[in-house]
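# Chains, contacts and geometry: an overview
One-letter residues, chain by chain:
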Amino acid sequence: VADFYTRLGTKASSQKLARDAAVAAQLLADGFSLEDLTFAMEWAVQHVPGVTSFGLLPHIMHHALKARHNAQHAEDAKRAAKAQLQTHLRQQQEEQARAQRLEAFRAALAAEAIETFRCQAVEALAHEGYHERALGYSMLLKIRLEDLIEQAFLRAGAPGEQAT
């Protein structure tokens, strides 16, 4: 209680201090913790213009504790968002590094290997009933060829890669 008046930069009479000590005791009896009282006192001094009496605390306790809860909730949300952003950035970096390794693998393939993959892609599409004159065939062939190259990349045991 005396700390409240010290924070305000004022002094209180012994009668006032005794009355305010009874208010504090009642708040503790009502289930508020000493931490709650201390926070509410500090909050009142900082956020309630013209506060001059500790006796105001019972009337503003819920406002102060709500402000504390909201601040804690906002901080928790901020931490969660930061962690999610870090996870996303890490995943993005990993995917970029993987794409670079796959591109390097693709660039290192001999022309004969690429032609072999292309023949395998043509055979697979024919087996599925697609022929060269089918609408979108060239796109399907390109996709199948890329899939075969990626499978070879995974089988080659590129660092950090696993075949699926």
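Residues numbered from 1 in each chain as written. Predicted model: local features only at pLDDT ≥ 70, side-chain atom pairs only at ≥ 80, totals over all residues. Heavy atoms only, no water.

Let us now look at the packing of aromatic side chains. In this structure the tally under the stated criterion is three aromatic pairs. Ring geometry for Phe-4 and Tyr-5: centres 5.0 Å apart, planes at 85°, overall edge-to-face. Tyr-5 carries the same exposure label as Phe-4, and that label is buried. With a centroid separation of 5.6 Å and 85° between ring planes, the pair formed by Phe-4 and Phe-54 is classed as edge-to-face. On the criterion of sequence distance, the pair formed by Phe-4 in helix α1 (residues 2–8) and Phe-54 in the loop between α3 (34–47) and α4 (57–108) is long-range, its members being 50 residues apart. The pair formed by Phe-4 and Phe-54 is uniform in burial state, with each residue classed as buried. Over the aromatic face of Phe-39 sits the side chain of Arg-68, whose NZ or CZ is 5.3 Å from the ring centroid. (Phe/Tyr/Trp six-rings, centres within 6.5 Å; stacked < 30°, edge-to-face > 60°. Buried < 20%, exposed > 50% of the residue type's maximum accessible area, 1.4 Å probe, protein only. Helix = DSSP H or I, 4+ residues; strand = E, 2+ residues; numbered from the N terminus. Lys NZ or Arg CZ within 6 Å of the ring centre and 35° of its normal.)

This next bit is on the side chain of Asp-36. With respect to the secondary-structure elements, Asp-36 resides in helix α3. Discounting residues that sit within four places of it in the chain, Asp-36 has contacts with Met-61, Leu-65 and Arg-68. (Contact = heavy atoms within 4.5 Å.)

For the rest of this paragraph, the subject is the confidence of the model for the protein. Looking at the protein, the pLDDT average stands at 89 and 96% of residues meet or exceed 70. Considering each helix and strand of the protein separately, the mean pLDDT is smallest for α1, with a value of 86, and largest for helix α5 (residues 111–127), with 94. (pLDDT = per-residue confidence, 0-100.)

Before going further, it helps to examine the nonpolar core. One broad rule of soluble globular proteins: the nonpolar side chains tend to lie buried together. Membership of the largest hydrophobic core comes to 18 residues, with the highest contact counts inside it found for Phe-4, Leu-27, Val-48, Phe-54, Leu-57, Ile-60 and Met-61. For this core, the secondary-structure elements that each account for two or more residues are α1, α2 (14–29), α3 and α4. Among residues more than four places away in sequence, those in contact with Leu-27 are Phe-32, Leu-37, Leu-57, Pro-58 and Met-61. Membership of the second largest hydrophobic core comes to 10 residues, among which are Leu-109, Phe-117, Tyr-137 and Leu-145. (Core = buried A, V, L, I, M, F, W, Y, C linked by side-chain atoms within 4.5 Å.)

Topologically, Thr-6 is positioned in helix α1. Accessibility expressed as a relative area gives 58% for Thr-6, which makes it exposed. For the pair Thr-6 and Asp-147, spaced 141 residues apart in the sequence, the C-alpha separation amounts to 73 Å.

This part is about the packing of α5 against helix α6 (residues 137–155). Remark: α5 packs on α6, axes separated minimally by 9 Å, with the N-to-C direction vectors making an angle of 125°. As summarised for this structure, α5 and α6 are arranged oblique, according to the angle between their axes. Two packed elements cross with a definite hand, and for α5 against α6 that hand is right-handed. Here Ile-114, Phe-117, Arg-118, Gln-120, Ala-121, Val-122, Ala-124 and Leu-125 of α5 come into contact with α6, specifically with Tyr-137, Leu-140, Leu-141, Arg-144, Leu-145, Leu-148, Ile-149 and Ala-152. Across the contact of α5 with α6, the residue classes break down as 13 nonpolar, one polar and two charged. (Axes fitted to C-alpha atoms, helices over the stretch in contact; angles between N-to-C directions. Parallel < 35°, antiparallel > 145°, perpendicular 65-115°, else oblique. Left-handed = near helix turned anticlockwise from the far one by under 90°. Nonpolar A, V, L, I, M, F, W, Y, C, P; charged D, E, K, R; others polar.)

The end-to-end C-alpha distance of α6, which contains 19 residues, comes to 27 Å, matching closely the 27 Å that a straight helix rising 1.5 Å per residue would cover. Taken residue by residue, α6 has Tyr-137, Leu-141, Leu-145, Leu-148, Ile-149, Ala-152, Phe-153 and Leu-154 as its buried positions. Gly-157 sits one or two residues past α6 and shows a positive phi near 75°. (Expected span 1.5 Å × (residues − 1).)

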